Amino acid sequence: MGGLVGADTIVTVKDARRIARRRWPRLIFAFVDGTAGDGRGEELAQAALQDLRLEPRGLIDVEDRNLRVDLLGQTYDLPFGVAPMGMCELAWAGADLMLARLAANEGMPLCVSTAASTSVEDIFAVAGANTWFQLYSDGDTENVDQLVERAGSCGCQVLILTVDVPQLARRPRELQAGFKHPFEFGARQIIDCALHPHWSLSRLLAGMPSPAHFSTSGPAQFKRYSGRGRLTFDYLERLRKQWPGKLVVKGVLSVQDALKIRDAGADAIYVSGHGGRQLDSSPPPVYALAAIRNALGADFPLIYDTGVRNGESILKALAAGADFVMLGRPFLYGIGAAGAKGLTTLNDALK
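Each chain has its residues counted from 1, running along the sequence as written. Residues qualify for local features only when their pLDDT is at least 70, as the model is predicted, and side-chain atom pairs are given and counted only at 80 or more; totals for whole chains, interfaces and linings, by contrast, use all residues. Side-chain descriptors were evaluated using all non-hydrogen atoms of the structure, hydrogens and water having been removed beforehand.

Participant: Break down the packing of aromatic side chains for me, with residues and values.
Facilitator: What counts as a ring pair is set by centres within 6.5 Å for rings of Phe, Tyr and Trp (its six-membered ring), and what kind of pair is set by the plane angle: stacked under 30 degrees, edge-to-face over 60, tilted for all other angles. Taken as a whole, this structure holds 4 aromatic pairs when the rule is applied. For the ring pair Phe-31 and Phe-179, a centre distance of 4.6 Å and an interplane angle of 15 degrees mean the geometry is stacked. Linking Phe-31 in helix H2 (residues 26–33) with Phe-179 in the loop between helix H7 (172–177) and helix H8 (187–194), this pair joins segments that are 148 residues apart in sequence. The same class applies to Phe-31 and to Phe-179, which are both buried. Numbered from the N terminus, helices here are DSSP runs of H or I no shorter than four residues, and strands are runs of E no shorter than two. Whether a residue is buried, partly exposed or exposed follows from its accessible area with a 1.4 Å probe, protein chains only, as a fraction of its type maximum: under 20%, in between, or over 50%, in that order.

Shown next, in the form of structure tokens:
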């Protein structure tokens, strides 16, 4: 379903979001677009980036320029990549591999979520060394150790430990739209899907997605709402000893935490407000980014996401202290709007 009409109308992320909203069932749009609480945290994250001003300079030779960035031992063709997102296949059948092909073609990293519906092995087969793996740890070391081993065995060089989800936040828009995982289809959801036939037919043909890194039954089954409150610095130190590649810690907004994470041996810190999906009252992450850069100095690698919706916002995050920027929802909007073509069109709009 990569050639849906509409890609030629995508000029901005807002365009892609508007088209995707029309083509997705209400419960899918609520899942992708939804936030914790009233959504004020995400609004402020975007506003903070918009309010930052850039001072233009002239009379500088910029004829020969490129967007390449050296990060964590690799060179990427763009200064931005795909943030980890769970259950991307809900946006459109085949979304995970669409993102993998984009990463391969554009020379950008793709962060595969623990909650992905396509295995890290299958994604690595397409995206190659651009594949990073994002890890959730719930304290079950046996299952988590197996995930770490799988990521390393298939060739991933970068592991991201996400630390800002001790418990999945209450996301009212999901609840109001009737989104649940595992899915429960009542009359309202059936009517919702019937009114959006493009999405529904693509999913019927491909089958409903399921977790690729967990079993669907038994003690090791994937539980979206399971708590991860036992994750501590002790585990971070253990993981640092276990993982031989580059280790990134994601979900950091505190200077104090950033200093401790650096001292625990992380190779980079990922400043993120989880796209506004975890704590509605958190400060705009770009402010935390500047403070953490000031505390850690110029050389320690920092990655940033949350609230980024255009190329200027990417530039502002880089100017505020990031070495690299990640985006999540915008890419899913592109896929929802026009499949693979919408994704590439959206990516071009960000450059």
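Now that the structure has been shown, we can carry on.
Participant: So what's going on with the pairing of strand E5 (residues 131–135)? Which residues, and what values?
Facilitator: Across the 5 residues that make up E5, a large majority, 5, are buried. Covered by surrounding structure in E5 are Thr-131, Phe-133 and Leu-135 together with Trp-132 and Gln-134, the residues of both alternating faces. For two strands to be treated as a pair, DSSP must find no fewer than two bridges joining them. In this sheet, E5 lies alongside strand E4 (residues 110–112) in parallel orientation, the contact comprising 3 bridges. Opposite Val-112, over in E5, you have Phe-133 as the bridge partner. The handedness of the E4 to E5 crossover, carried by helix H5 (residues 120–127), is right-handed. When the strands point away from the viewer and the path from the first strand over the helix to the second turns clockwise, the crossover is right-handed.

Participant: Residue-level account of the packing of helix H4 (residues 95–106) against helix H14 (residues 329–350), with values.
Facilitator: Orientation is described by lines fitted to C-alpha atoms, with helices fitted over the stretch in contact, and by angles between N-to-C directions that extend from 0 to 180 degrees. Look at H4 against H14: their axes get within 11 Å of each other, and the N-to-C directions meet at 5 degrees. The angle between H4 and H14 places the two elements in the roughly parallel class. Between H4, through Ala-95, Met-98, Leu-99, Leu-102 and Glu-106, and H14, the contact on the second element is made entirely by Phe-331, Ile-335, Gly-339, Ala-340, Leu-343, Thr-344, Asn-347 and Asp-348. Any residue that is not Ala, Val, Leu, Ile, Met, Phe, Trp, Tyr, Cys, Pro, Asp, Glu, Lys or Arg is counted as polar, Gly included; the first ten are nonpolar and the last four charged. Classifying every residue of the contact of H4 with H14 gives 8 nonpolar, 3 polar and 2 charged. Working definition: roughly parallel below 35 degrees, roughly antiparallel above 145 degrees, roughly perpendicular at 65 to 115 degrees, and oblique for all remaining angles. Two residues qualify as a contact provided that any one of their heavy atoms is within 4.5 Å of a heavy atom in the partner residue.

Participant: How would you explain the pattern of salt bridges if you had to name every residue and give the values?
Facilitator: Salt-bridge detection follows one rule: a side-chain nitrogen of Lys or Arg within 4 Å of a carboxyl oxygen of Asp or Glu. For the coordinates displayed, the defined rule picks out 17 salt bridges. When the shortest N-O distance is used, the salt bridge between Arg-203 and Glu-89 registers 3.8 Å. Here the residue Arg-203 occupies a position in helix H9 (residues 197–206), and Glu-89 occupies one in the loop between strand E3 (80–82) and H4, the gap between them amounting to 114 residues. In this structure, the salt-bridge partner of Asp-267 is Arg-240, at a minimum N-O distance of 2.7 Å. Of the two residues, Asp-267 sits in the loop between helix H11 (255–263) and strand E8 (268–271) while Arg-240 sits in helix H10 (residues 233–242), which places them 27 residues apart along the sequence. By relative accessible area, which is 22% here, Asp-267 ends up partly exposed. Several salt bridges share partner residues, and in doing so they unite Arg-17, Asp-33 and Arg-173 into one network.

Participant: Tell me what's going on with the packing of H11 against helix H12 (residues 285–296), and back it up with residues and numbers.
Facilitator: As a packed pair, H11 and H12 sit with axes 9 Å apart at the nearest point and diverge in direction by 45 degrees. On the basis of the axis angle, H11 is oblique to H12. Of the two elements, H11 crosses H12, and the hand of that crossing is right-handed. From H11, Val-255, Ala-258, Leu-259 and Arg-262 reach across to H12, where they touch Ala-291, Ile-292, Ala-295 and Leu-296. For the contact of H11 with H12, the residue count by class is 7 nonpolar, no polar and 1 charged. For any helix crossing, the convention is left-handed if the near helix is rotated counterclockwise from the far helix by under a right angle, and right-handed if that rotation is clockwise.

Participant: Go over the nonpolar core with me, naming the residues and quoting the values.
Facilitator: As a rule of thumb, soluble globular proteins bury nonpolar side chains together. For the purposes of this section, nonpolar cores are sets of buried Ala, Val, Leu, Ile, Met, Phe, Trp, Tyr and Cys residues that join through side-chain atoms within 4.5 Å. Core analysis: the largest hydrophobic core is formed by 87 residues, its most contacted members being Trp-24, Leu-135 and Phe-331. Looking at which element gives the most residues to this core, the answer is H14, with 8 residues. Dropping the residues within four chain positions of it, Phe-331 is found in contact with Phe-80, Gly-81, Val-82, Leu-99, Leu-102, Met-108, Leu-343, Leu-346, Asn-347 and Leu-350. With 15 residues, the next largest nonpolar core counts Tyr-76, Ala-83, Ile-160 and Tyr-270 among its residues.

Participant: Residues and numbers for the pairing of strand E10 (residues 324–327), please.
Facilitator: Within a regular strand, side chains alternate between the sheet's two faces. Across the two faces of E10 the burial is the same, with Phe-324 and Met-326 and Val-325 and Leu-327 all buried. Pairing of E3 with E10 involves 3 bridges; the strand directions are parallel. Within the sheet, the bridge partner assigned to Val-82 lies in E10 and is Leu-327. Taking the sense of rotation as the criterion, the β-α-β connection linking strand E9 (residues 302–304), helix H13 (residues 311–319) and E10 turns out right-handed.

Participant: An account of H13 is requested, with residue identities and associated values reported.
Facilitator: For H13, the complete set of buried residues consists of Ser-313, Ile-314, Lys-316 and Ala-317. Down the axis of H13, the sector holding all buried residues measures 160 degrees, keeping them to one side. Seen from the open side of H13, the exposed residues pointing more than 90 degrees away from its buried face are Glu-312 and Ala-319. Residue Gly-321 follows H13 closely and has a positive phi angle near 135 degrees. Note: the arc covers the axis-to-C-beta directions of the helix.

Participant: Quick one: what's the story with the state of the cysteines, residue by residue and with numbers?
Facilitator: A covalent bond bridging the sulfur atoms of two cysteines is what the word disulfide describes. Pairs of cysteine sulfur atoms within 2.5 Å are what we label disulfides. Counted under the stated rule, the structure contains 0 disulfides. Cys-154 takes part in no disulfide bond, and the closest cysteine sulfur, belonging to Cys-156, lies 3.8 Å away. The buried category is assigned to Cys-154, whose relative accessible area is 18%. Overall, Cys-156 belongs to the buried group, its relative accessible area being 4%.

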